[in-house]
Amino acid sequence: MASSEPRDLEQVVRDGLSTLVFGFGYRVGIVDGFIKIEQPCTAEELAQKVGMKRRYIEEWLSCLAAAGIVRVHDGDRFSLPYDEAKLRLQGHVAGALPTLSESMPLLEQVIRTDGPRGYKYTEPFLKFVEGFSTPASIENWVKASLVPVLQLKEGDQFTLLDLGCGYGNHARRVAQVYPKSSVYGVDMDKISIDRANEGMQKDGLKNVQFLCNMGGNLPSDWTEKFDFVIINQVLHDAPGVDAILKEVKRVMKSDGFGAAYDPPVSSYPKNQVNDKWAQQALPFSFFSCLPMSLSDPTETGDGLGVGWGYENRKAKIEQHGFHVVPCGDIDINTVQDRIVFKK
């Protein structure tokens with residue numbers, strides 16, 4: 001039996017075109033100018049505000065008015081009826097279209113049966129992802145997603161490993177909030193670790209250190225070292241999940257906790273239908289996460305991606321002898337972005 005009635009394909013394509021126009025406007029500063037100008041405004045006023053040609057601004061406004069995003073008022077005046085936070089977040093997300101399109105030649109190669117298995121993250125994609133790591137978003141993540149995990153153990157003096165730390169933004173913030181603790185960040189990408197160390201020195205932090213290392217091959221003297229192991233947006237695109245989880249089990253203290261954060265998408269296609277998280281996260285996976293998980297030169301990557309999903313991820317963690325535990329009000333069998341576990 002079919003999952004649901006199909007959407008209007010013509011409208012889907014039209015919406016995609018409108019998203020591209022909106023994302024361009026955010027990228028070049030039209031949306032920012034719209035936020036700052038008194039609304040409703042004329043195309044000429046907006047053009048002067050952003051320092052761009054009036055005729056192009058008129059066409060941009062017409063594109064988004066046709067899509068129902070820009071509101072048209074009497075006297076050919078226009079407004080953008082959304083709050084600033086939503087405009088900035090969705091403007092950034094819309095900017096993914098040209099970013100992901102740059103990977104299309106690579107994807108055309110790896111999708112072929114006789115092509116390479118995958119490819120690593122591209123520099124434009126890493127830059128795009130970095131755009132989500134604003135001070136406000138990191139602070140919100142620490143308070144809403146990490147603090148409930150840290151509260152599973154008493155006190156504010158602990159050792160924490162951020163496995164797959166990227167540029168180290170989250171690890172540095174944890175070190176700032178918990179100055180009595182020791183924070184370690186590990187990532188296999190040297191450029192990311194270099195950036196992390198630059199940030200550490202700029203912040204003057206003494207309780208955080210970064211190491212360029214494979215997650216599946218951590219230092220031998222780290223056995224039973226960490227109270228908490230954080231795996232933030234890593235497992236679904238990691239080339240070697242089994243090796244990573246094996247090491248997590250070794251370096252975690254007997255009374256420690258691990259927390260894996262990934263997009264809250266089900267493993268089952270029927271549950272993905274009309275799900276907003278699946279609709280947003282799976283395209284990123286198709287162009288970046290899935291190829292990354294297959295990029296291991298040893299050709300042993302699992303090819304997981306976002307479509308691997310919550311249920312399969314939870315089962316994989318349990319296969320390694322961990323016990324998934326509740327953290328917060330959500331039942332552990334409900335699809336969510338966080339899986340907390342212990343030995």
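Up top you'll find the structure we're talking about.
The text that follows walks through the structure, step by step, so that each part is easy to find. Just so we're clear, the structure is a prediction, and the values are computed from it rather than from any experiment. (Residues numbered from 1 in each chain as written. Predicted model: local features only at pLDDT ≥ 70, side-chain atom pairs only at ≥ 80, totals over all residues. Heavy atoms only, no water.)

**Details of the packing of aromatic side chains**
- Throughout the structure, instances matching the rule amount to twelve aromatic pairs.
- Residues F34 and W60 carry aromatic rings whose centres are separated by 6.4 Å and whose planes lie at 50° to one another, so their mutual orientation is tilted. One end of the pair, F34, is in helix α2 (residues 30-36); the other, W60, is in helix α4 (residues 54-66), with 26 residues separating them in the sequence.
- Looking at W60, the relative accessible area reads 5%, which means it is buried.
- Ring-pair connections join several aromatic residues into one group, and the members of that group are F128, F132 and F284.
- A cation over an aromatic ring shows up here: R195 above the ring of Y167, its NZ or CZ 4.0 Å from the ring centre.
- Looking at K249, its charged tip hangs above the ring of F322, at a distance of 5.9 Å from the centre. (Phe/Tyr/Trp six-rings, centres within 6.5 Å; stacked < 30°, edge-to-face > 60°. Helix = DSSP H or I, 4+ residues; strand = E, 2+ residues; numbered from the N terminus. Buried < 20%, exposed > 50% of the residue type's maximum accessible area, 1.4 Å probe, protein only. Lys NZ or Arg CZ within 6 Å of the ring centre and 35° of its normal.)

**Remarks on the sheet that holds strand β8 (residues 323-325)**
- Reading across the sheet, the seven strands line up as β5-β4-β3-β6-β7-β9-β8 and stay open at both edges, with mixed pairing between neighbours. The open sheet has two free edges, formed respectively by β5 (208-212) and β8, since each of these has just one partner strand. Ignoring which end each strand starts from, the neighbouring axes of this sheet average 25° apart.
- Pairing between strand β3 (residues 159-163) and strand β6 (residues 226-232): three bridges, direction parallel. Directly across from D162, in β6, lies its bridge partner I230.
- Against the sheet, helix α12 (residues 241-251) touches β3, β6, β7 (252-261) and β9 (338-342), its axis set at about 145° to β7. (Pairing = 2+ DSSP bridges. Axes fitted to C-alpha atoms, helices over the stretch in contact; angles between N-to-C directions. Contact = heavy atoms within 4.5 Å.)

**Describing unusual backbone geometry**
- Going from Q39 to P40, the amide bond is cis rather than trans, its omega being 0°.
- Considering the arrangement of structural elements, one finds P40 in the loop between α2 and α3 (43-50).
- The residue D76 is not glycine, and still its phi comes out positive at about 55°.

**Comments concerning the pattern of salt bridges**
- Enumeration according to the criterion identifies 23 salt bridges in this entry.
- With a closest N to O distance of 2.7 Å, D32 and R88 form a salt bridge. Separated by 56 residues along the polypeptide, D32 in helix α2 and R88 in helix α5 (residues 84-94) bring together distant segments of the chain.
- The residue D242 makes a salt bridge to K316 at a minimum N-O spacing of 3.1 Å. Residue D242 is located in helix α12, and its partner K316 is located in helix α15 (residues 309-319); the two are separated by 74 residues in the primary sequence.
- If you follow the salt bridges from partner to partner, you end up with E44, R54, R55, E58 and E59 in one network. (Salt bridge = Lys/Arg side-chain N within 4 Å of Asp/Glu carboxyl O.)

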